[in-house]
Amino acid sequence: MPTIRLATVEDLPAINEIYNYYVHRSTCTYQLEPDLLEARQAWFAGHPPDKYPVTVGELATEKNASEVVAWGSLSKFRERAAYAPSVEASVYVRHDMHRCGIGRALLIDLIQRARDLGFHTLIGGVSADQTASLRLQESLGFQRIAHFREIGYKFGQRLDVIFLQLMLNENPA
């Protein structure tokens, strides 16, 4: 199992490398161009750990060092102030580390962090063709709440997006 900790600025190259791998290879992101490190730094600056934490999953290497193999984040769901009790979760696992339980561990950790921070609900947005991501979220109690048809276009195909929701705290903020 990975060690999960808050990300630091030093983790941004690994975070960016994990994310950018998928830009030209997958519909797990609808971004079409890789992020430059400067853009990732600006993104990170907008994620203070006491409000919108970014975490990394590390595994020990053969040389007794640790290697970042996944990352997750909580982000504003929408900009308008009335959405403040809602947060969106993102998890990205290095392409050669799938199906090892790392994504599950990161998402469980993010759920707990969202609860501890007092958020009321957690949202996940998933491309409908990403069945493993859908199964993971549903296995942790997320419920499908919206299915947007042909809302994205990537790799010459129109793509559906499914939103899932996990209620965290039953009392309104």
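Above this note sits the structure.
Residues numbered from 1 in each chain as written. Predicted model: local features only at pLDDT ≥ 70, side-chain atom pairs only at ≥ 80, totals over all residues. Heavy atoms only, no water.

A. Expanded view of the pairing of strand 4 (residues 86–93). When you tally the buried positions in strand 4, you get 6 out of 8 residues, the bulk of the element. Of the pairings in the sheet, the one linking strand 3 (residues 66–76) to strand 4 comprises 7 bridges and is antiparallel in character. Counted as the bridge partner of A70 is V93 from strand 4. Of the pairings in the sheet, the one linking strand 4 to strand 5 (residues 121–127) comprises 3 bridges and is parallel in character. Within strand 5, the residue paired with S86 across the bridge is T121. Between the parallel pair strand 4 and strand 5, the chain is carried across by helix 3 (residues 102–116), and the sense of this crossover is right-handed. (Buried < 20%, exposed > 50% of the residue type's maximum accessible area, 1.4 Å probe, protein only. Helix = DSSP H or I, 4+ residues; strand = E, 2+ residues; numbered from the N terminus. Pairing = 2+ DSSP bridges. Right-handed = clockwise from strand over helix to strand, strands pointing away.)

B. Representation of the layout of surface pockets in the model. Roughly 1,300 Å³ of volume is contained in the largest pocket. The wall of the largest pocket is formed by 43 residues, among which C28, S90, V91, Y92 and S133 lie closest to the centre. Among the elements of the structure, helix 1 (12–23), helix 2 (37–45), strand 3, strand 4, helix 3, strand 5, helix 4 (131–139) and strand 7 (157–167) are those that each provide at least two residues to the lining of the largest pocket. Per-element accounting of the lining of the largest pocket gives the leading share, 6 residues, to strand 4. (1 Å grid on protein atoms, 1.4 Å probe; cavity = no way out; pocket = protein on both sides within 12 Å on 5 of 7 lines; lining within 4 Å. Points joined across faces, edges and corners; volume = space filled by probe spheres on them.)

C. Highlighting the sheet that holds strand 1 (residues 3–6). Strand order in this open sheet of 7 strands is 1-2-3-4-5-7-6, and the pairing throughout is mixed. A single partner strand is all that each edge strand has here, and the edge strands are strand 1 and strand 6 (143–154). Each strand axis lies, on average, 25 degrees off the axis of its neighbour in the sheet, ignoring direction. Running at roughly 75 degrees to strand 3, helix 1 makes contact with strand 2 (54–60), strand 3, strand 4 and strand 6 of the sheet. Packing of helix 4 onto the sheet brings it into contact with strand 5, strand 6 and strand 7, and relative to strand 5 it is tilted by some 160 degrees. (Axes fitted to C-alpha atoms, helices over the stretch in contact; angles between N-to-C directions. Contact = heavy atoms within 4.5 Å.)

D. Broad picture of the side chain of N16. Structurally, N16 is set in helix 1. Taking the relative accessible area as the measure of exposure, N16 reaches 6% and is therefore buried.

E. Quick look at the pattern of salt bridges. The full count for this structure, using the stated rule, is 9 salt bridges. Residues K76 and E79 are paired through a salt bridge, measuring 3.6 Å at the closest nitrogen-oxygen approach. The structure contains a network of salt bridges with shared partners spanning R5, D11 and E58. (Salt bridge = Lys/Arg side-chain N within 4 Å of Asp/Glu carboxyl O.)

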